[in-house]
Amino acid sequence: MAAEEPTYDRLAELIAFDETKAGVKGLVDAGVTELPRIFRTPPHLVDDRQSAPAAGDPDFIFPIIDLHGAATDPEKRNQIVEQVRDASANWGFFEVVNHGIPTGVVEEMKAGVHRFHELEVEQRKRFFGRGSEKKFVYNSNFDLFSGAPVTNWRDSTIYQAAPEPPEESELPECYRGIMGEYSEEVMKLGHLLFQLLSEALGLGSNHLTEMDCGKGLIVAGHYFPPFPQPELAIGISNHTDFDFITVVLQDHVGGLQVLRRDQWVDVPPLPEGLVVNIGDMLQARFFLNHHYSLLCSN
């Protein structure tokens, strides 16, 4: 007679993991060779992520938009607005290049994220937190206790950059300087994107900005260390973003996918590309105002 499997107490395991304040990087550093149960993705979710279109299918080529000339050339801007309209309507996502953020700033921001997450655990623990009591926090899975069926293999830093950023002294040294510089650049890019989206909706250029869509900014620095049994884990579960827009900076590793017509499509990790995601709040605002022809992503 086979022995019965001990009752699995998921909450207790989540609490024990969280209390280490070491994140998934702590498990890697401890030499874990078997993926803890809280991170094991149910088989049906793994199978779903493996759904992908045929290579080269023109209906699933991720849209890339060159922003060069968007602020200076009216004819080029009109073309870009059309591309933004098409990508937003048919994908809800697009990737921008020649966006104006200096290459050095982009590379230093990525390096800063890696430097923080590779600090000794006691240094990372100084910034550990949950909730909104701090403007800069480090943790693993901000929604760890929200009832999700699987815990993501991901550590993160969360920085409230606008409208009222923290003092530089509140940041770890590896983020000082670059976090503020990168945030300023992203705010400028966001202003341009909101102009283009406004025009794509047939509205005045400053419509979304005047609605305060670009007033706040949160910068999240996600870290996905190598893990045992990668076929059983997910870095970020299927989700939508509850904001106006999200601007995603990938490193060279890639792995980001978006869902289009029930197919998971890889997003190319271009060296200087930034991925733009139309968020729930922007879609909801325009559904309520009957401007839904643009913002219905598939």
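Please read these numbers as outputs of a predicted model, since none were measured by experiment. In this convention, every chain numbers its residues from 1, walking through the sequence in written order. Residues qualify for local features only when their pLDDT is at least 70, as the model is predicted, and side-chain atom pairs are given and counted only at 80 or more; totals for whole chains, interfaces and linings, by contrast, use all residues. Note that water and hydrogens are dropped before the side-chain values are worked out from all heavy atoms of the structure.

Engineer: Just to check I follow, could you spell out the packing of aromatic side chains for this structure?
Structural biologist: To describe a pair of aromatic rings, one takes the distance between the centres and the angle between the planes. Pairing of aromatic rings covers Phe, Tyr and the six-membered ring of Trp, with a centre-to-centre limit of 6.5 Å; geometry is then stacked below 30 degrees between planes, edge-to-face above 60, and tilted otherwise. Considering all chains together, one arrives at eleven aromatic pairs under this definition. Ring centres of F116 and F136 lie 6.0 Å apart, and the angle between their planes is 80°; this geometry places the pair in the edge-to-face category. One end of the pair, F116, is in helix α5 (residues 103-117); the other, F136, is in strand β3 (residues 136-139), with 20 residues separating them in the sequence. Partly exposed residues are those whose accessible area sits between 20% and 50% of the maximum for their type, while under 20% is buried and over 50% is exposed, using a 1.4 Å probe and protein chains only. On the basis of relative accessibility, which here comes to 0%, the residue F116 falls in the buried class. Exposure remark for F136: the relative accessible area of 4% places this residue in the buried category. Summarising the aromatic geometry, the rings of F136 and Y175 are spaced 5.6 Å apart at their centres and angled 70° between planes, so their arrangement reads as edge-to-face. Remark: Y175 occurs in the loop between β4 (155-162) and α7 (178-200) and F136 occurs in strand β3; sequence separation between them is 39 residues. With relative accessibility at 0%, the residue Y175 sits in the buried group. An aromatic cluster is built from F116, F127, F128, F136, Y138 and Y175, whose rings are joined through pairwise contacts. Either the NZ atom of lysine or the CZ atom of arginine qualifies as a charge over a ring when it sits within 6 Å of the ring centre and within 35 degrees of the ring normal. Geometry around Y8 places R37 over its ring, the cationic atom sitting 3.9 Å from the centre. Its end group placed over the ring of F60, R260 keeps NZ or CZ at 5.8 Å from the ring centre. Helix and strand definitions follow DSSP, with helices as H or I runs of at least four residues and strands as E runs of at least two, each counted in order from the N terminus.

Engineer: Any chance you could explain the sheet that holds β4 here in plain terms?
Structural biologist: One key point about sheets: their strands pair by backbone hydrogen bonds, in either a parallel or an antiparallel sense. At least two bridges found by DSSP between two strands is the condition for calling them paired. As summarised here, the arrangement of the three strands in space is β3-β4-β5, forming an open sheet in which the pairing is antiparallel. Each end of this open sheet is capped by a strand with a single partner; those strands are β3 and β5 (217-223). Sheet twist, expressed as the average angle between the axes of neighbouring strands with direction ignored, equals 15°. By the bridge criterion, four bridges tie β3 to β4 in an arrangement that is antiparallel. Note on β4: the bridge partner recorded for N139 is S156. Contacts are assigned to residue pairs that have any heavy atoms within 4.5 Å of one another. What counts as an axis is a line fitted to C-alpha atoms, over the stretch in contact for a helix, and the angles between N-to-C directions run from 0 to 180 degrees. Strands in contact with α5 are β3, β4 and β5; relative to β5, the strand with the most contacts, it is inclined by about 60°. Its contacts with the sheet put α7 on β4 and β5, and the angle it makes with β5 is roughly 120°.

Engineer: Before we go on, may I ask you to explain the nonpolar core in this structure?
Structural biologist: In globular proteins that are soluble, nonpolar side chains generally tend to be buried together. By nonpolar core we mean a set of buried residues, namely Ala, Val, Leu, Ile, Met, Phe, Trp, Tyr and Cys, connected to one another through side-chain atoms within 4.5 Å. Within the largest apolar cluster, 46 residues are counted, with the highest numbers of intra-cluster contacts made by L67, V84, F94, Y175 and L197. Counting only elements with at least two residues in this core, the list comes to α4 (74-90), β2 (93-97), α5, β3, β4, α7, β5 and β9 (274-278). Residues V24, L35, L144 and A233 belong to the second largest nonpolar core, which totals nine residues.

Engineer: Explain α4 to me, please; I cannot follow it from the model alone.
Structural biologist: A turn of α-helix holds 3.6 residues, and therefore any two residues three or four places apart point the same way. The end-to-end C-alpha distance of α4, which contains 17 residues, comes to 24 Å, matching closely the 24 Å that a straight helix rising 1.5 Å per residue would cover. Buried residues of α4: R77, I80, V81, V84, A87, S88 and A89, and no others. Those residues of α4 hidden inside the fold are in contact with β1 (64-66), β2, α7 and β9. The opening residue of α4 is D73, an N-cap whose side-chain oxygen sits 3.1 Å from the backbone nitrogen of E75. Backbone geometry just after α4 places G92 at a positive phi near 80°. The span you would expect from a helix comes to 1.5 Å times its residue count less one. Any N or O atom pair separated by 3.5 Å or less is treated as a polar contact, with the protein-specific requirement of one donor-capable and one acceptor-capable atom, and with residues adjacent in sequence counted only for side-chain atom pairs.

Engineer: What is the right way to look at the side chain of E185 in this model?
Structural biologist: Within the element layout of this structure, E185 appears in helix α7. Excluding anything up to four places from it in sequence, E185 contacts G100, I101, P102 and V105.

Engineer: I keep staring at α7 and nothing clicks. Help me out?
Structural biologist: With 23 residues, α7 extends 32 Å from end C-alpha to end C-alpha; this agrees with the ideal 33 Å at 1.5 Å per step. A large share of α7 lies buried, amounting to 17 of its 23 residues. Following α7 by one or two positions, G202 adopts a phi angle in the positive range, close to 75°.

Engineer: Help me out: how do you make sense of the confidence of the model for the chain in this one?
Structural biologist: Predicted coordinates in regions of low pLDDT should not be interpreted in detail. In the predicted model, the chain carries a mean pLDDT of 88, and 90% of its residues have values of at least 70. Taken element by element, the chain is modelled with least confidence in helix α3 (residues 43-49), mean pLDDT 62, and with most confidence in β1, mean pLDDT 98. Between residues 288-298, whose pLDDT stays under 50, and residues either more than four places distant or in other chains, the model counts 30 contacts. The predictor's confidence in any single residue is recorded as pLDDT, a number from 0 to 100.

Engineer: Would you mind going over the sheet that holds β9 with me for this structure?
Structural biologist: Spatially, the four strands line up as an open sheet ordered β1-β2-β9-β6, and their pairing is mixed. Of all the strands in the sheet, the pair left with one neighbour each is β1 and β6 (245-248). Between one strand axis and the next, the sheet turns by 30° as a mean value, whatever way the strands run. Taken strand by strand, α4 contacts β1, β2 and β9, and its axis lies near 165° from that of β1.

Engineer: How should a nonpolar patch on the surface be read in this particular structure?
Structural biologist: Exposure above 30% relative accessible area and the absence of a salt bridge qualify a residue for a patch, where like charges join within 9 Å and nonpolar side chains (Val, Leu, Ile, Met, Phe, Trp, Tyr) within 5 Å. Areas reported here follow the Shrake-Rupley algorithm with a probe of radius 1.4 Å; residue values treat only the protein chains shown as occluding. We define a salt bridge as a contact between a side-chain nitrogen of Lys or Arg and a carboxyl oxygen of Asp or Glu at a distance within 4 Å. Together, L11, I15 and F145 make up a nonpolar patch on the protein surface, roughly 270 Å² of accessible area in all. Take L11: it is sitting in helix α1 (residues 10-20).

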